[in-house]
Amino acid sequence: MKKENDDLDQLFEKFENQWDVKKMNSDHQLDFLNKLNKKQPKKKNYAVWAIAASIVVLLGVSVLFNTYNEKPKEFKFASKETKRTDSIFSILIDNELVKLKEKSSPENEQIINDALKQMKVFDADYEKILKEVQKNGENKQIIYAMISNLQTRISFLQTVLERIEENEKFKNTTDEKTL
């Protein structure tokens with residue numbers, strides 16, 4: 001302990017005449033309070049928004065890329081309308097899947113895993129529909145089955161998300177009551 005005190009004493013002696021010991025202006029406190037009370041416009045942080053937007057775009061592109069890799073690469077829709085319909089629904093489904101994965105937690109793990117298993121069943125059915133389109137071409141029945149499958153998937157994911165939110169609300173209410 002004595003050695004440390006000696007070291008500190010030596011340090012203070014070394015810098016003895018180098019300390020800033022000027023007295024503050026008598027109006028310093030008043031000036032400080034005026035500056036503190038002066039309203040300054042809030043600065044918008046565009047960098048944060050740009051980064052957030054970039055992340056959302058990258059997530060969307062990666063999800064779309066993964067979705068399109070799951071479909072047969074040689075498959076081409078005969079009409080632009082059918083291709084556009086498939087594209088729009090795929091984006092909506094991907095967005096719902098992202099929301100579902102964001103809800104991942106130990107409490108929601110089972111329901112999310114079950115939902116993803118069911119989505120694989122829907123995907124397999126959709127692949128059968130696409131094979132039917134390749135085999136027989138686009139007709140009303142096949143297009144209706146395709147759209148019905150896509151709508152069912154979106155509806156299913158929305159229902160799962162609602163159930164998860166209800167469970168979270170119930171858990172929060174229960175936790176509040178126990179406090």
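Each value, and the rule that gives it
- Residues numbered from 1 in each chain as written.
- Predicted model: local features only at pLDDT ≥ 70, side-chain atom pairs only at ≥ 80, totals over all residues.
- Heavy atoms only, no water.
- Core = buried A, V, L, I, M, F, W, Y, C linked by side-chain atoms within 4.5 Å.
- Buried < 20%, exposed > 50% of the residue type's maximum accessible area, 1.4 Å probe, protein only.
- Contact = heavy atoms within 4.5 Å.
- Helix = DSSP H or I, 4+ residues; strand = E, 2+ residues; numbered from the N terminus.
- Expected span 1.5 Å × (residues − 1).
- Salt bridge = Lys/Arg side-chain N within 4 Å of Asp/Glu carboxyl O.
- pLDDT = per-residue confidence, 0-100.
- Phe/Tyr/Trp six-rings, centres within 6.5 Å; stacked < 30°, edge-to-face > 60°.
- Lys NZ or Arg CZ within 6 Å of the ring centre and 35° of its normal.
- Axes fitted to C-alpha atoms, helices over the stretch in contact; angles between N-to-C directions.
- Parallel < 35°, antiparallel > 145°, perpendicular 65-115°, else oblique.
- Left-handed = near helix turned anticlockwise from the far one by under 90°.
- Nonpolar A, V, L, I, M, F, W, Y, C, P; charged D, E, K, R; others polar.

Novice: Can you walk me through the nonpolar core in this structure?
Specialist: Grouped burial of nonpolar side chains is what soluble globular proteins tend to show. Counting residues in hydrophobic clusters, the biggest one holds 21 residues, and the most contacted among them are Ile 93, Leu 100, Met 119, Tyr 126, Met 146, Leu 150 and Leu 157. Once you skip the residues sitting within four places of it in the chain, Met 119 turns out to touch Ile 93, Leu 97, Arg 153, Phe 156 and Leu 157.

Novice: Even after reading the chapter, I still don't get helix H4 (residues 80–102), so can you show me in this structure?
Specialist: Every α-helix carries 3.6 residues per turn, so stepping three or four residues along brings you back to the same face. Compared with the 33 Å implied by 1.5 Å per residue over 23 residues, the 33 Å span of H4 between its first and last C-alpha is a close match. All of the buried residues along H4 are Thr 82, Asp 86, Phe 89, Ser 90, Ile 93, Asp 94, Glu 96, Leu 97 and Leu 100.

Novice: Would you mind going over the pattern of salt bridges with me for this structure?
Specialist: Any two side chains of opposite charge can pair if their charged atoms end up close together. Under the criterion given, the structure shown has four salt bridges. Where Arg 163 meets Glu 166, a salt bridge forms, and the shortest distance between an N and an O atom there is 3.7 Å. Taken as a pair, Arg 163 and Glu 166 lie in helix H6 (residues 140–178) at a separation of three residues, close to a single helical turn. Taking relative accessible area as the criterion, Glu 166 reaches 44% and is therefore assigned partly exposed.

Novice: Would you take a moment to explain helix H5 (residues 109–136) for this structure?
Specialist: Its 28 residues place the ends of H5 40 Å apart at the C-alpha level, agreeing with the 40 Å of an ideal helix rising 1.5 Å per residue. Within H5, the full set of buried residues consists of Ile 112, Ala 115, Met 119, Phe 122, Tyr 126, Ile 129, Leu 130 and Val 133. Looking one or two residues past H5, Gly 137 carries a phi angle of roughly 80 degrees, positive in sign.

Novice: I tried to follow the confidence of the model for the protein on my own but got confused; where do I start?
Specialist: In regions of low pLDDT, the predicted coordinates are not meant to be interpreted in detail. This prediction gives the protein a mean pLDDT of 77; 69% of its residues lie at or above 70. When mean pLDDT is compared element by element in the protein, H5 scores highest at 90, while helix H3 (residues 46–70) scores lowest at 63.

Novice: How do you make sense of the packing of aromatic side chains when you look at a structure like this?
Specialist: Each aromatic ring pair is summarised here by two numbers: the centre-to-centre distance and the angle between the ring planes. Scanning the model with the defined rule gives one aromatic pair in all. Ring geometry for Phe 122 and Phe 156: centres 5.5 Å apart, planes at 75 degrees, overall edge-to-face. Residue Phe 122 is found in helix H5, and its partner Phe 156 is found in helix H6; the two are separated by 34 residues along the sequence. Under the relative-accessibility criterion, Phe 156 is labelled partly exposed at 23%. Directly above the ring of Tyr 126 sits Arg 153, whose terminal nitrogen or CZ lies 4.8 Å from the centroid.

Novice: Looking at this structure, how should I read the packing of H4 against H5?
Specialist: The relative placement of two packed helices is expressed as an angle between their axes plus a distance between the axes. Between H4 and H5, whose axes approach to 12 Å, the crossing angle comes to 165 degrees. One finds that H4 runs roughly antiparallel with respect to H5. The two elements H4 and H5 cross, and the hand of that crossing is left-handed. Together, Asp 86, Ile 93, Leu 97 and Leu 100 of H4 and Ile 112, Ala 115, Leu 116, Met 119 and Tyr 126 of H5 make up the contact between the two elements. Its residues placed into classes, the contact of H4 with H5 shows eight nonpolar, no polar and one charged.

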